[in-house]
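Understanding the architecture of this molecule
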Amino acid sequence: MNFRKAVLVPVLAASLFATAQGALATTFKMALGDAAGGTQWELGQKFKTLFEQKTGGKHKVDLFPNGQLGDEQNTVNNAALGTLDFSVLAINNVTPFSPTVGVLTLPYVIQSAEDARELTLGEIGKELTANTVRDAGVRIVGWAYSGFRVLTNSKRPVTSVGDLKGMVIRVPKNEIMIATYQAWGINPTPMAWTETFTALQQRVVDGQDNPYITVSAMKFNEVQKYVTNIRYIFSLEPLIVSEQVFQDQKPEVQKAILEAGREATEYSFQYLQQTEDRIRKELAAKGMQISDPANGEKEWMEKATAQVWPKFYASIGGKDKLDKVLKTLGR
Ligand code: MLT
């Protein structure tokens, strides 16, 4: 057997086996990148309850938090192959597989939770969902709204862009986020989510950015002291289903997946409104020192939008796409 056959036959067999399993499965596996207790967990739990109710208990969902089923970007690959059923992960970790969703992570495009809702639930969300099916073999069936990604670090208070100088900041493996920190004058360190806590703890990196609720769920306050309330990305965390697994289901099960996803999304929006402020206060009470960016974030915003947006017009499908998004948001 030549090398190509030797590699392809087992891969093909594994993927056929996975498809057959998907068709028969009554218990679905859902990967979560974050630890239990954050917005991903809340969305996943709500979806599980609703979906199990809607299928009269015939179908079940088991949640595997904290990267147990692999790093967030790997879960997209596994879902595309049909070896994983569901995953909840940050949108920035979907972008490498479906670049048009990058419009949702361009810095300072989304400026409020309402903007985030408008984009995900409206025409733009529908178009991006169709694109991820086409590009990545996964279907977005729900959204967790996680709040703005704030900057945390273990070294010193940061308020101006210049304060970042000399700091080693971890970012996801996402070109837009890398380019944003470069616009702010430093070269960030791209790193998988599963490695981030240890890297912060061992001071391999000084800081990172993620929403308050995620910082709390991941216990980053134990290894990070300073927070800066930047608002460059509103963290959206889609619930994706393997398109292969979805297509293997009977119409009534597909309907239950879509309905449970919609209802869990609505719940996630309410959860954010009711929880974020409390979590921020709890983190402050536990010793985190919170600062606002200088001059209403003007310098951060100007540098990022001027330098980063034009670099990504092509990958998001043209400048027209961004113009359409901004128009939808009334800007
Ligand atoms: C990341 O920073 O890689 C993600 O935003 C983590 C997450 O899903 O919470």
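Residues numbered from 1 in each chain as written. Predicted model: local features only at pLDDT ≥ 70, side-chain atom pairs only at ≥ 80, totals over all residues. Heavy atoms only, no water.

**A few points about the site of the ligand**
Among the 13 residues in the neighbourhood of the ligand, the closest are listed as D34, Q40, E72, R149 and R170. Between the ligand and R149 there is a distance of 2.7 Å, counted from an oxygen atom to a side-chain nitrogen or oxygen. Within the contact set of the ligand, an oxygen atom lies 3.1 Å away from a side-chain nitrogen or oxygen of N210. Protein chains bury 100% of the 270 Å² of accessible surface belonging to the ligand in isolation. Tallied by class, residues from the shell around the ligand come to three nonpolar, five polar and five charged. (Near = heavy atom within 4 Å. Polar contact = N/O pair within 3.5 Å; in protein donor to acceptor, adjacent residues only side chain to side chain. Areas by Shrake-Rupley, 256 points an atom, 1.4 Å probe, with all protein chains shown as cover. Nonpolar A, V, L, I, M, F, W, Y, C, P; charged D, E, K, R; others polar.)

**Some details on the packing of helix α4 (residues 113-121) against helix α10 (residues 251-285)**
Where α4 contacts α10, the two axes come as close as 12 Å, and the packing angle between them is 170°. When the axis of α4 is compared with that of α10, the two are roughly antiparallel. For the pair α4 and α10, contact is made by A113, E114, R117 and L121 and by T265, E266, F269, L272 and Q273, respectively. Among the residues making up the contact of α4 with α10, the classes are represented as four nonpolar, two polar and three charged. (Axes fitted to C-alpha atoms, helices over the stretch in contact; angles between N-to-C directions. Helix = DSSP H or I, 4+ residues; strand = E, 2+ residues; numbered from the N terminus. Parallel < 35°, antiparallel > 145°, perpendicular 65-115°, else oblique. Contact = heavy atoms within 4.5 Å.)

**Some details on the sheet that holds strand β2 (residues 60-64)**
Strands sit in the order β2-β1-β3-β10-β4 across an open sheet of five strands; the sheet is mixed. Strand pairing shows two members of the sheet lacking a second neighbour, β2 and β4 (138-148), which therefore form its edges. Ignoring strand direction, the axes of neighbouring strands in this sheet form an average angle of 20°. Here strand β3 (residues 86-88) pairs with strand β10 (residues 234-242) via three bridges, running antiparallel. (Pairing = 2+ DSSP bridges.)

**Some thoughts on helix α2 (residues 39-54)**
Working note: α-helix, 3.6 residues per turn, so residues spaced by three or four point in the same direction. For α2, which comprises 16 residues, the first-to-last C-alpha distance of 22 Å matches the rise-based estimate of 22 Å (1.5 Å per residue) to within 8%. Listed in full, the buried residues belonging to α2 are T39, Q40, E42, L43, G44, F47, L50, F51 and E52. G56 lies just past α2 and shows a positive phi near 60°. (Expected span 1.5 Å × (residues − 1). Buried < 20%, exposed > 50% of the residue type's maximum accessible area, 1.4 Å probe, protein only.)

**Considering the pattern of salt bridges**
Tallying each qualifying case throughout the model produces 19 salt bridges. R331 is the salt-bridge partner of D115, the closest N and O atoms lying 2.9 Å from each other. With D115 in helix α4 and R331 in the segment after α12 (319-328), this pair connects stretches of sequence that are 216 residues apart. Residue classification places R331 among the partly exposed positions, given a relative accessible area of 42%. Residue E127 is joined to K324 by a salt bridge in which the shortest nitrogen-to-oxygen separation is 3.2 Å. Here K324 lies in helix α12 and E127 lies in helix α5 (residues 123-136), a separation of 197 residues in the sequence. Judged by its relative accessible area of 40%, K324 is partly exposed. (Salt bridge = Lys/Arg side-chain N within 4 Å of Asp/Glu carboxyl O.)

**Focus: the packing of aromatic side chains**
Under the defined criterion, the tally for this structure stands at 13 aromatic pairs. Plain terms: the ring middles of F47 and F86 are 5.2 Å apart, the flat faces sit at 55° to each other, and that makes the pair tilted. Here F47 is found in helix α2, whereas its partner F86 is found in strand β3, with 39 residues between them in sequence. On the basis of relative accessibility, which here comes to 0%, the residue F86 falls in the buried class. Aromatic pair W184 and W300: ring centres 4.9 Å apart, planes at 80°, arrangement edge-to-face. Within this pair, whereas W184 is found in the loop between α6 (175-183) and β7 (189-190), its partner W300 is found in helix α11 (residues 298-308), the two being separated by 116 residues in sequence. Each member of the pair, W184 together with W300, is buried. The rings of F28, F47, F51 and F86 are connected pair by pair, giving a single aromatic cluster. Lying over the aromatic face of Y267, K46 brings its terminal NZ or CZ to 4.6 Å of the ring centre. The ring of F269 has R117 sitting right over it, with the charged end atom 3.9 Å from the ring centre. (Phe/Tyr/Trp six-rings, centres within 6.5 Å; stacked < 30°, edge-to-face > 60°. Lys NZ or Arg CZ within 6 Å of the ring centre and 35° of its normal.)

**A short note on the pairing of β10**
Burial within β10 is extensive, with nine of its nine residues counted as buried. Along β10, one buried face is formed by F234, L236, P238, I240 and S242 and the opposite face, lined by S235, E237, L239 and V241, is buried too. Across nine bridges, β4 lies against β10 in antiparallel orientation. When the sheet's bridge partners are listed, I140 is paired in β10 with I240.

**A few points about the environment of I178**
Tracing the backbone shows I178 in helix α6. Separated by twelve residues in the primary sequence, I178 and P190 have C-alpha atoms spaced 7.3 Å apart. Ignoring sequence-local partners within four residues, the contact set of I178 consists of V171, P172, P188 and P190.

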